[in-house]
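# Reading the structure
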Amino acid sequence: MNVIAGYMSLDEVRAMDATDPMASFRSHYHIPQHDGKDAVYLCGNSLGLQPKKTRQYIEEELKDWETLGVEGHMHGRHPWFYYHHFLEESVARLAGASPLEVVIMNTLTVNLNLLMVSFYRPTKSRYKILMEYMAFPSDQYAMEMQVRYHGFDTADAIVEVKPREGEHALRTEDILQLIDEHRNELALVMMGGVNYYTGQLYDMATITKAAHDAGALAGFDLAHAAGNVPLHLHDWGVDFACWCTYKYLNSGPGGASGVFIHERHAHDATLPRFAGWWGNAEDTRFQMKKGFHPQPGAAGWQQSNAQILPMAAHRAAMELFDQAGMDALRTKSLALTGLLEELLQIQPGKFHIITPADPAQRGCQLSILTGAGGRQLFDRLTASGVIADWREPNVIRVAPVPMYNSFEDVYRFAELMYQD
Ligand SMILES: *Cc1c(COP(=O)(O)O)cnc(C)c1O
């Protein structure tokens, strides 16, 4: 008998789905098919699934464009001129922020670089950026070129927090110690909220406080945190953050990015920034006059007119987050990932999970370190209808997302993992 079936029956798992208060949300999504059945989709950390409403929301904008042309800016169902406002309430809820503190614009790496204009202002003596070791490549490239742009040397200006020998996750105490060691030269702490590779959730409140105590600012790339874990960016005192919306936020490939800028910077006219007409005050935006007057808050960082089609997709996705609520999603997420971990540990030592075992230090993703034959295992999973993700050099990432994954998905995945 299969190891899994001897441990827990499919009926038991189906009973978990039957009593799951969040189970009905799955029906709001298109689930990719494999051999005429729902695939086991565990890749929401890379590209979230499509809400069934998305098509309608985009088609409404196409219709307004078709029938109104340019008049859609003012007379569309959701006038394009004000489009970012239709998202600010739900995005603020998701980020733990006020509507003033958030905006949807551009794409993630573009925003990361833009925010550096305002929040990485190195001086001769205070110029270092502290990052996590093995940050997502785009973040590494962006930071590397930012320090070089300001005339600093990468090896000196970028300080990386590394895991201890034989460990994969970072210890908060090590992060704090490194901040302290560089306290006189540190300009910025710039980390992921959840690391894309290990799945570790960092203690953003504690890290932010330490950065501030050292006289530095704190920014976070929340690509793997937004829609995955509850966020309280305002209360944590985070200076700025940005995230993409196509991973856990299900808003489609190349989707628009979210930005958070803390209220304390909302009205600071001395902050340098790059500007464009969309960041200007709305009542004078079309007067085409000289002199930039930013809108207060994050909206004042906008450059170009709103990306209506991706933002329509984001509206459809955010409605489901509003209905579900991040706290309820987190409760289910803990159970779902907890079950995955439990099933992978039936045979102790068979699978090596590098994501922290403490649920408070992770989101929904587990990263499984494979040995020789890892790639073959991954290919076999794929052939059997699992959509997960392989990260070089040797990690399989699986993300059971509470919005649309079921306990049965987790069970079917685990069954395949034990098959020889
Ligand atoms: C996914 C991801 C990105 C991708 O950036 P894009 O600009 O949206 O292509 C960047 N950083 C992190 C940490 C990511 O996880």
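In this text, all values refer to a predicted model and were calculated from it rather than measured experimentally. (Residues numbered from 1 in each chain as written. Predicted model: local features only at pLDDT ≥ 70, side-chain atom pairs only at ≥ 80, totals over all residues. Heavy atoms only, no water.)

## Structural notes on helix H13 (residues 326-344)
Over its 19 residues, H13 runs 26 Å from end to end, which matches the ideal 27 Å to within 8%, given 1.5 Å per residue. Taken residue by residue, H13 has Met326, Leu329, Arg330, Lys332, Ser333, Leu336, Thr337, Leu339, Leu340, Glu341, Leu343 and Leu344 as its buried positions. (Helix = DSSP H or I, 4+ residues; strand = E, 2+ residues; numbered from the N terminus. Expected span 1.5 Å × (residues − 1). Buried < 20%, exposed > 50% of the residue type's maximum accessible area, 1.4 Å probe, protein only.)

## Some words on the packing of aromatic side chains
Here the structure, examined in full by the defined rule, presents 13 aromatic pairs. For the ring pair phenylalanine 119 and tryptophan 301, a centre distance of 6.1 Å and an interplane angle of 20° mean the geometry is stacked. Linking phenylalanine 119 in helix H6 (residues 108-119) with tryptophan 301 in the loop between strand S10 (257-261) and helix H12 (308-324), this pair joins segments that are 182 residues apart in sequence. Taken as a pair, phenylalanine 119 and tryptophan 301 share a single burial class, namely buried. Seen from their ring centres, phenylalanine 378 and tryptophan 390 are 6.0 Å apart, and the 40° between their planes marks the pair as tilted. Of this pair, phenylalanine 378 sits in helix H14 (residues 374-383) while tryptophan 390 sits in strand S14 (residues 389-391), and the two are 12 residues apart along the sequence. Each member of the pair, phenylalanine 378 as well as tryptophan 390, carries the same accessibility label: buried. These aromatic residues form a ring-pair network of at least three members: Phe81, Tyr82, Trp277 and Trp278. The residue whose ring lies beneath arginine 285 is phenylalanine 81, and the NZ or CZ to ring-centre distance is 4.6 Å. A cation sits over an aromatic face here: arginine 285 above tryptophan 278, 3.8 Å from the ring centre. (Phe/Tyr/Trp six-rings, centres within 6.5 Å; stacked < 30°, edge-to-face > 60°. Lys NZ or Arg CZ within 6 Å of the ring centre and 35° of its normal.)

## A short note on the domain arrangement of the protein chain
Accessible area lost during the coming together of the parts is what is often quoted as the interface size. Taken domain by domain, the protein chain comprises domain 1 (3-49 + 325-418) and domain 2 (58-322). Between the C-alpha centres of domain 1 and domain 2 the distance comes to 29 Å. On the domain 2 side, the residues contacting the 36 residues of domain 1 number 23 residues. Counting the surface lost from both domain 1 and domain 2, the interface buries some 2,400 Å², and carbon and sulfur atoms represent 59% of this. Inspection of the domain 1/domain 2 interface yields 0 salt bridges. The element that contributes the greatest number of residues to the side of domain 1 that touches domain 2 is H13, accounting for 4 residues. In terms of residue class, the side of domain 1 that touches domain 2 is made up of 17 nonpolar, 13 polar and 6 charged. (Domains from an automatic or database assignment. Contact = heavy atoms within 4.5 Å. Buried area = accessible area lost by both parts, 1.4 Å probe. Salt bridge = Lys/Arg side-chain N within 4 Å of Asp/Glu carboxyl O. Nonpolar A, V, L, I, M, F, W, Y, C, P; charged D, E, K, R; others polar.)

## Some points on the site of the ligand
Around the ligand, the neighbouring residues are Leu108, Thr109, Phe136, Asp139, Asp221, Ala223, His224, Tyr246 and Lys247. Residue aspartate 139 places a side-chain N or O atom 2.7 Å away from a nitrogen atom belonging to the ligand. A total of 390 Å² of accessible area belongs to the ligand in isolation, and the protein chains cover 82% of it. Tallied by class, the residues present in the shell around the ligand amount to 4 nonpolar, 2 polar and 3 charged. (Near = heavy atom within 4 Å. Polar contact = N/O pair within 3.5 Å; in protein donor to acceptor, adjacent residues only side chain to side chain. Areas by Shrake-Rupley, 256 points an atom, 1.4 Å probe, with all protein chains shown as cover.)

## Examining the packing of H6 against helix H7 (residues 137-149)
Two elements in contact, H6 and H7, have axes separated by 10 Å at closest approach and are oriented at 30°. With respect to each other, H6 and H7 are oriented roughly parallel. Regarding H6 and H7, the two cross each other, and that crossing is right-handed. Residues Thr109, Leu112, Asn113 and Met116 of H6 pack against Ser138, Asp139, Ala142, Met143 and Gln146 of H7. A breakdown of the residues in the contact of H6 with H7 according to their chemical character gives 4 nonpolar, 4 polar and 1 charged. (Axes fitted to C-alpha atoms, helices over the stretch in contact; angles between N-to-C directions. Parallel < 35°, antiparallel > 145°, perpendicular 65-115°, else oblique. Left-handed = near helix turned anticlockwise from the far one by under 90°.)

## Looking at the environment of alanine 383
By secondary structure assignment, the location of alanine 383 is in helix H14. Look at alanine 383 and you get exposed, because its relative accessible area is 59%. Sequence-wise, alanine 383 and glycine 193 are 190 residues apart; in three dimensions their C-alpha atoms are separated by 32 Å.

## What to know about the nonpolar core
Core analysis: the biggest nonpolar cluster contains 70 residues, and Leu130 and Trp243 have the highest contact counts within it. The element that contributes the greatest number of residues to this core is H12, accounting for 8 residues. Counting contributing residues per domain, this core is built from domain 1 (3-49 + 325-418) and domain 2 (58-322), each supplying no fewer than three. Those residues in contact with leucine 130 that sit more than four places away from it in its chain are Val159, Val161, Ile175, Leu178, Ile179, Leu186, Leu188, Val189, Met190 and Met191. Counting 32 residues, the second largest nonpolar core, distinct from the first, contains Leu115, Tyr127, Ala157 and Cys242. (Core = buried A, V, L, I, M, F, W, Y, C linked by side-chain atoms within 4.5 Å.)

## Side note on the side chain of serine 118
For serine 118, the position within the fold is in helix H6. Of note is the side chain of serine 118, whose polar atom sits 2.9 Å from the side chain of tryptophan 301. With near-sequence residues (within four places) excluded, serine 118 lies in contact with Leu271, Pro272, Arg273 and Trp301.

## Some points on the pairing of strand S8 (residues 217-221)
In regular strands, side chains alternate between the two faces of the sheet. The element S8 is extensively covered by neighbouring structure, given that 4 of its 5 residues are classed as buried. Direction of pairing for strand S7 (residues 186-192) relative to S8: parallel, over a ladder of 5 bridges. What sits directly across from valine 189, in S8, is alanine 218. Handedness of the crossover joining S7 and S8 through helix H10 (residues 204-213): right-handed. Relative to strand S9 (residues 240-244), S8 runs parallel, the two sharing 3 bridges. (Pairing = 2+ DSSP bridges. Right-handed = clockwise from strand over helix to strand, strands pointing away.)

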